[in-house]
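# Chain and residue survey
Here is what each chain is made of, one letter per residue.
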Amino acid sequence: MKILVTGGTGYIGSHTCVELIAEGHEVIILDNLYNSRIDVLDKIEQISGVRPKFYEADILDKEGLEKVFAENDFDAVIHFAGYKAVGESVSIPLTYYENNISGSINLYQMMKKYKVRNLVFSSSATVYGDDFEVPFKEEYGLGTTTNPYGTTKKMNEMIITDMDIAEPENSSVLLRYFNPIGAHESGLIGEIPNGIPNNLVPYIAQVVSGQRDYLRVWGNDYDTVDGTGVRDYIHVVDLARAHVKAIEYAASHKGTEVINIGTGKGYSVLEVLHAYEKACGHEIPYQIMERRPGDIAVCYADTKKAEGLLGFKAEYDIDRMCEDSYRFTCNLSKE
Ligand code: NAD
Ligand code: WQD
C-alpha cells in the first residue's frame with residue numbers, strides 16, 4: 001500500500017516507517033519537524049535501505065496538505081502528528097486543541113475529498129481516565145480525561161467514529177497505546193525529548209547520561225507491589241509492528257475499531273528503574289517524592305482484542321526495552 005504517515009519523523013512514527021517498509025509498503029512522510037529532526041530520514045534509510053518521500057508540511061496548513069494529497073494517490077493514512085505533553089496541554093490548551101483537533105480535521109477532510117478510506121489513529125490509554133478497573137478493556141468506552149491532551153485524543157476518537165458512520169466505506173483503527181518506551185535495536189532512532197522529560201524512561205535515560213542528578217519517583221504509597229505506580233510499558237518496535245497489522249486490517253474491513261496496544265503486564269517505577277540499572281550496569285540514583293497530581297496507581301491493557309482481531313502480541317520484555325533505550329541514549333550522548 002501507499003501510506004501517508006503524518007508525524008513520521010517523530011518517535012513512534014519513525015519506527016513505524018521502518019516496519020512498514022520492511023513489509024513492502026510505500027511510505028510518504030509528512031511532518032513539520034516541530035518535535036523531530038530531518039536526519040531521522042537518513043536513519044530510516046540506513047536501517048531499511050529505502051528513503052521515504054518527505055514533505056515538510058503542517059496539518060494546520062490546508063493548502064500544503066492539499067498539495068500532498070493532490071500529488072499522491074494514497075491507499076491509507078497513519079496519523080501520528082500532534083502535540084503530546086500532558087503538563088504543557090494544561091498550560092496552553094488552545095494550542096493543543098488547535099493542533100490536535102483542527103489539524104486532524106483538516107487531514108480527515110482531505111482524506112474525504114481524495115477518497116482515502118483507511119486510517120490508523122494514535123490514541124492513548126489516557127482516554128480511559130481513572131474510571132475503570134484494570135485491565136482496561138476497549139468495551140469500557142471513553143472515561144473522564146484529566147487534561148486537554150487526553151481530551152484531544154478522546155475527541156479525535158469521537159470525530160472519527162462519527163465520520164465513519166457518515167461514510168460507511170471508511171475503515172479506521174483507533175489504537176490506544178499504553179506506555180511506549182525503548183528504541184530501534186540499531187540505536188539509530190529513538191525518543192529525543194524536548195527539554196525536561198515528563199515521562200519515566202526518558203527521564204531515567206537523562207540521569208544515566210549525566211544530564212539530571214537523580215530520578216524523582218512520584219509517590220511510593222500506592223496500593224502496588226512496592227508502592228510506586230504501575231504501567232504497561234511496550235517496546236516501540238512492537239508498537240510499530242502493531243501499526244502494520246492495523247493498517248492492513250483497516251484496508252480489508254470497514255467501520256471503526258478501537259484496539260489497545262500494550263503487553264498486558266504492569267511494571268512499577270522501581271521495577272523499571274532496576275531493569276534499566278541492569279541494562280547500563282550501574283545503580284541509578286533516585287528519591288521518593290510526593291505523588292504527581294493526576295497520576296493513577298495502576299494502568300495496564302487487556303490485550304485480547306489486539307490478539308484476536310489483529311493477531312498482534314508484543315514480543316519484547318522490559319529488559320529488552322531498557323537495553324535498547326540505553327543503546328540509543330549512549331549514541332545520542334556521543335553526538
Ligand atoms: P513525537 O512528538 O515524537 O511525534 C509527533 C510528530 O508530529 C513530531 O515529529 C512532530 O514534529 C509532528 N507534528 C506535530 N504537530 C504537527 C503538525 N501540526 N503538522 C505536522 N507535523 C506535526 O510523538 P510520538 O511519541 O511519536 O507520538 C506520536 C503520536 O502518538 C502522537 O499523536 C501522540 O499523542 C500519540 N501517543 C504517544 C504516546 C507516547 O507515550 N509517546 C502515547 C500515546 C499516544
Ligand atoms: C509512568 C510512571 C509516574 C516520571 C503519560 C501520559 C499518557 C501517555 C504516556 C501519551 C508513573 C512515574 C514518571 C518521573 C516517576 N502519553 N514517574 N518519575 O503518566 O503513565 O502516561 O505518558 O499519550 O497519556 O499521561 O507515563 O512515563 O509519565 O509515568 O516516578 O520522573 O512513572 O508517576 O507512575 P504516564 P509517565
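Now for a quick tour of the structure. (Residues numbered from 1 in each chain as written. Chains lettered and ligands numbered in written order. Predicted model: local features only at pLDDT ≥ 70, side-chain atom pairs only at ≥ 80, totals over all residues. Heavy atoms only, no water.)

### A look at the site of ligand 1
Inspection of the region around ligand 1 gives 27 residues, with Asp31, Asn35, Ser36, Asn99 and Tyr149 positioned closest. At a separation of 2.6 Å, a nitrogen atom of ligand 1 approaches a polar side-chain atom of Asn99. A distance of 2.9 Å separates an oxygen atom of ligand 1 from a polar side-chain atom of Lys153. For ligand 1, whose accessible area on its own is 810 Å², the fraction buried by protein is 95%. For the shell around ligand 1, the secondary-structure elements that each account for two or more residues are helix 1 (11-22), strand 2 (26-31), strand 5 (118-124) and helix 6 (148-166). Per-element tally for the shell around ligand 1: the top contributor is strand 5, with 3 residues. Partitioning the shell around ligand 1 into residue classes produces 13 nonpolar, 10 polar and 4 charged. (Near = heavy atom within 4 Å. Polar contact = N/O pair within 3.5 Å; in protein donor to acceptor, adjacent residues only side chain to side chain. Areas by Shrake-Rupley, 256 points an atom, 1.4 Å probe, with all protein chains shown as cover. Helix = DSSP H or I, 4+ residues; strand = E, 2+ residues; numbered from the N terminus. Nonpolar A, V, L, I, M, F, W, Y, C, P; charged D, E, K, R; others polar.)

### Overview of the pattern of salt bridges
As a working rule, side chains carrying opposite charge can pair if their charged atoms are close by. Following the criterion strictly, the structure yields 25 salt bridges and no others. In this structure, Lys305 engages Glu257 in a salt bridge whose closest nitrogen and oxygen atoms are separated by 2.8 Å. Here Lys305 is found in helix 10 (residues 304-310), whereas its partner Glu257 is found in strand 11 (residues 255-261), with 48 residues between them in sequence. Given a relative accessible area of 22%, Glu257 falls into the partly exposed group. Among the charged side chains, a network of salt bridges with common partners joins Arg37, Asp39, Lys43 and Glu335. (Salt bridge = Lys/Arg side-chain N within 4 Å of Asp/Glu carboxyl O. Buried < 20%, exposed > 50% of the residue type's maximum accessible area, 1.4 Å probe, protein only.)

### A short note on the sheet that holds strand 1 (residues 2-6)
In space, the 7 strands of this open sheet follow the order 3-2-1-4-5-6-11, with parallel pairing throughout. With one partner strand each, in any of the chains shown, strand 3 (53-56) and strand 11 form the two edges of the open sheet. Averaged over all neighbouring strand pairs, the angle between strand axes comes to 20 degrees, with direction disregarded. Taken together, the 7 bridges between strand 6 (residues 171-177) and strand 11 define a ladder with parallel strand orientation. Counted as the bridge partner of Ser172 is Thr256 from strand 11. Packed onto the sheet, helix 3 (residues 62-71) meets strand 1, strand 2, strand 3 and strand 4 (76-79) and runs at close to 160 degrees relative to strand 3. (Pairing = 2+ DSSP bridges. Axes fitted to C-alpha atoms, helices over the stretch in contact; angles between N-to-C directions. Contact = heavy atoms within 4.5 Å.)

### Focus: the pairing of strand 1
Summarising burial for strand 1: 5 of the 5 residues are buried, a large majority. Of the two faces of strand 1, the one carrying Lys2, Leu4 and Thr6 and the one carrying Ile3 and Val5 are both buried. Note that strand 1 and strand 2 share 5 bridges and pair parallel. When the bridges of strand 2 are listed, Val5 appears paired with Ile29. Note on the crossover from strand 1 through helix 1 to strand 2: the handedness is right-handed. Here 4 bridges tie strand 1 to strand 4, and the two strands are oriented parallel to one another. Considered in strand 4, the bridge of Ile3 is made with Ala76. (Right-handed = clockwise from strand over helix to strand, strands pointing away.)

### Brief notes about the side chain of Asn260
Along the chain, the position of Asn260 falls in strand 11. Asn260 sits in the buried class, given a relative accessible area of 0%. Those residues in contact with Asn260, other than ones at most four positions away along the chain, are Tyr128, Phe136, Lys137, Glu138, Arg176, Phe178, Ala301, Asp302 and Ala306.

### Overview of the site of ligand 2
Neighbouring ligand 2 are 19 residues, the closest being Tyr149, Leu200, Arg216, Arg231 and Asp295. One of the backbone nitrogen or oxygen atoms of Asn198 is found 3.5 Å away from an oxygen atom of ligand 2. Take Arg292: an N or O atom from its side chain is 2.9 Å from an oxygen atom of ligand 2. Contact with the protein chains removes 87% of the 690 Å² of surface that ligand 2 exposes when unbound. Put simply, the parts of the chain that give the shell around ligand 2 at least two residues each are helix 7 (200-208) and strand 8 (215-218). Tallying contributions element by element places strand 8 first for the shell around ligand 2, with 4 residues. Partitioning the shell around ligand 2 into residue classes produces 9 nonpolar, 6 polar and 4 charged.

### A closer look at the packing of helix 3 against helix 5 (residues 93-113)
Two numbers describe how helix 3 lies on helix 5: the axes approach to 10 Å, and their chain directions differ by 35 degrees. Helix-helix and strand crossings are classified by hand; for helix 3 and helix 5 the assignment is right-handed. Between helix 3 and helix 5, the residues in contact are Lys62, Leu65, Glu66 and Phe69 and Asn106, Leu107, Gln109, Met110, Met111 and Lys113, respectively. Classifying every residue of the contact of helix 3 with helix 5 by side-chain character gives 5 nonpolar, 2 polar and 3 charged. (Left-handed = near helix turned anticlockwise from the far one by under 90°.)

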